[in-house]
Amino acid sequence: MAGNAYGSEPGRRGSSFETSAKTEPRAEATPQPASMQSPAQPRLSVFGQSLVFKGNLTAEEDLLIQGRIEGSIDHNATTLTIGVHGAVKGNILANKVIIQGEVQGDVRASDAVIVEASARVHGNLIAPRIGLKDGAKFKGTIDMDPASHAKEFRGRKVNELLESTGP
Amino acid sequence: MSNASDKGSILGPTLVLKGELIAEEDLVLKGRVEGSIQHTASLKISKEGSVKGNVKAKQITVDGTVEGNLFGAEAVAVEASARVTGDIHSRSVSLIEGARFRGKIDMDYSEGAEARPAVSRGATTGK
């Protein structure tokens, strides 16, 4: 199913990409929604099982993590999924997080955190909506009032805050 | 082999990884990695992809940008759209016309030789 997400670009080999000038295409990760990608075909990256990454990861597309990440994740797209094989040791900032695997660290989501039955989570969850399914292992605190953590969301719009307070 | 998505990983164009990446499955990199990559299968750095750091893999195909050294246990292919600044170490190196490359090419590379780096002054693989 991951393959379908990229099915939209069949002729990419043919499309000539200016090789000159642009030495640093994505030096700054400024939020650039919709303009550079078709909203109809959401992108999905798969971070496979054998992948081990130590460091900071930022992403602005939907991401499925089946590997291991040690370090922080800054995710700004619709959904970040930690798959059944995935393991994250570090803090996560995202809009919506679905956890099926293992997380050690704090999870901050501006929209929701879903902890599936197969998940093992050790850390704090901060989001306006949090789901914890029967069977999941969880140790930590849950805070559904992200307004008190607005600073930690680093200027990201938290869904609940949208109505009450301004930016 | 543009569709490696059924097996292996794809790191999309908005991904920025700062740190050390280790992988044992086929990988298509469309995002940016700042740091080293240790890889035991085939790695493709596609057009949108860029790496700043050393890359070690079995097979490396570069369509994008690399600033750093490439170590290919089997082969390194630098495609026409690639921009590579750094040294290439592999027994089999191909460089397609149109690619931009600046660095050394060393075809005497065998895996493990670089495990002892920079200790030697004259004799690299002393026997």
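If you're wondering where the values come from, they're calculated on a predicted model, not measured in any experiment.

**Things to note about the overall build of chain B**
Now for step 1: When you go through chain B residue by residue, the secondary structure sums to zero helices and 15 strands.
Now for step 2: Within the span of chain B, comprising 127 residues, buried residues form 46% of the whole.
Now for step 3: For chain B, the proportion of contacts with a sequence separation of at least 24, taken over those separated by at least 6, is 4%.

**Topic: the overall build of chain A**
Now for step 1: A tally of helices and strands in chain A yields two helices and 15 strands.
Now for step 2: The buried share of chain A, reckoned over its 167 residues, is 34%.

**What about the confidence of the model for chain A?**
Residues and elements named next belong to chain A.
Now for step 1: The share of residues in chain A with pLDDT of 70 or more is 69%, and the mean pLDDT across the chain is 77.
Now for step 2: Long-range and interchain partners of residues 1-41, a stretch whose pLDDT sits below 50, account for 27 contacts in this model, where long-range means more than four residues apart.
Now for step 3: Counting interchain partners and residues more than four positions distant, the pLDDT-below-50 stretch residues 161-167 has four contacts.

**A look at the pairing of strand β10 (residues 70-78) of chain B**
All names here are of chain B.
Now for step 1: By the criterion of burial, β10 is predominantly enclosed, with seven of the nine residues buried.
Now for step 2: Pairing of β10 with strand β12 (residues 88-90) involves three bridges; the strand directions are parallel. Looking at the pairing, Gly72 lines up with Ser90 of β12.
Now for step 3: Direction of pairing for β10 relative to strand β13 (residues 93-95): parallel, over a ladder of three bridges.

**Brief notes about the confidence of the model for chain B**
Residue and element names in this part refer to chain B.
Now for step 1: Here chain B averages 85 in pLDDT, and 82% of its residues register 70 or above.
Now for step 2: Taken together, the stretch residues 114-127 has pLDDT below 50 and engages in four contacts with residues farther than four places along the chain or on a different chain.
Now for step 3: Two summary scores accompany this predicted model of the complex, namely pTM at 0.72 and ipTM at 0.74.

**Some remarks on the nonpolar core**
Now for step 1: Membership of the largest hydrophobic core comes to 62 residues, with the highest contact counts inside it found for A:Val97, A:Ile99, A:Val113, B:Leu43, B:Val55 and B:Val62.
Now for step 2: The residues touching A:Ile99, leaving out its near neighbours within four places in the chain, are A:Ile82, A:Ile114, A:Val115, A:Glu116, A:Ala119 and A:Val121.

**A word on the pairing of strand β8 (residues 92-99) of chain A**
Residue and element names in this part refer to chain A.
Now for step 1: Among the eight residues of β8, eight are classified as buried, and the element is accordingly described as predominantly covered.
Now for step 2: With two bridges joining them, strand β5 (residues 73-75) and β8 adopt parallel strand pairing. Note on β8: the bridge partner recorded for Ile73 is Ile92.
Now for step 3: Direction of pairing for β8 relative to strand β10 (residues 107-115): parallel, over a ladder of seven bridges. What sits directly across from Ala94, in β10, is Ala109.

**Focus: the environment of B:Ala99**
Residue and element names in this part refer to chain B.
Now for step 1: Locating Ala99 in the fold gives a position in the loop between β13 and β14 (100-102).
Now for step 2: Put simply, Ala99 and Ser42 are 57 residues apart on the chain and 20 Å apart in space, counted from C-alpha to C-alpha.
Now for step 3: Those residues in contact with Ala99 that sit more than four places away from it in its chain are Val78, Glu79, Ala80 and Ala82.

**Some remarks on the environment of A:Ile126**
Residues and elements named next belong to chain A.
Now for step 1: Following the sequence through the fold, Ile126 ends up in strand β12 (residues 125-126).
Now for step 2: Considered as a pair, Ile126 and Leu93 are 33 residues apart in the sequence and their alpha carbons are 9.6 Å apart.
Now for step 3: Beyond its immediate sequence surroundings of up to four residues, Ile126 is in contact with Asp106, Arg108, Asp143, Pro146 and His149.

Here is what the cut-offs are and how they apply
- Residues numbered from 1 in each chain as written.
- Chains lettered and ligands numbered in written order.
- Predicted model: local features only at pLDDT ≥ 70, side-chain atom pairs only at ≥ 80, totals over all residues.
- Helix = DSSP H or I, 4+ residues; strand = E, 2+ residues; numbered from the N terminus.
- Buried ≥ 20, exposed ≤ 12 C-beta atoms within 10 Å, placed from the backbone.
- Contact = placed C-beta atoms within 7 Å.
- pLDDT = per-residue confidence, 0-100.
- Pairing = 2+ DSSP bridges.
- Core = buried A, V, L, I, M, F, W, Y, C linked by C-beta atoms within 7 Å.

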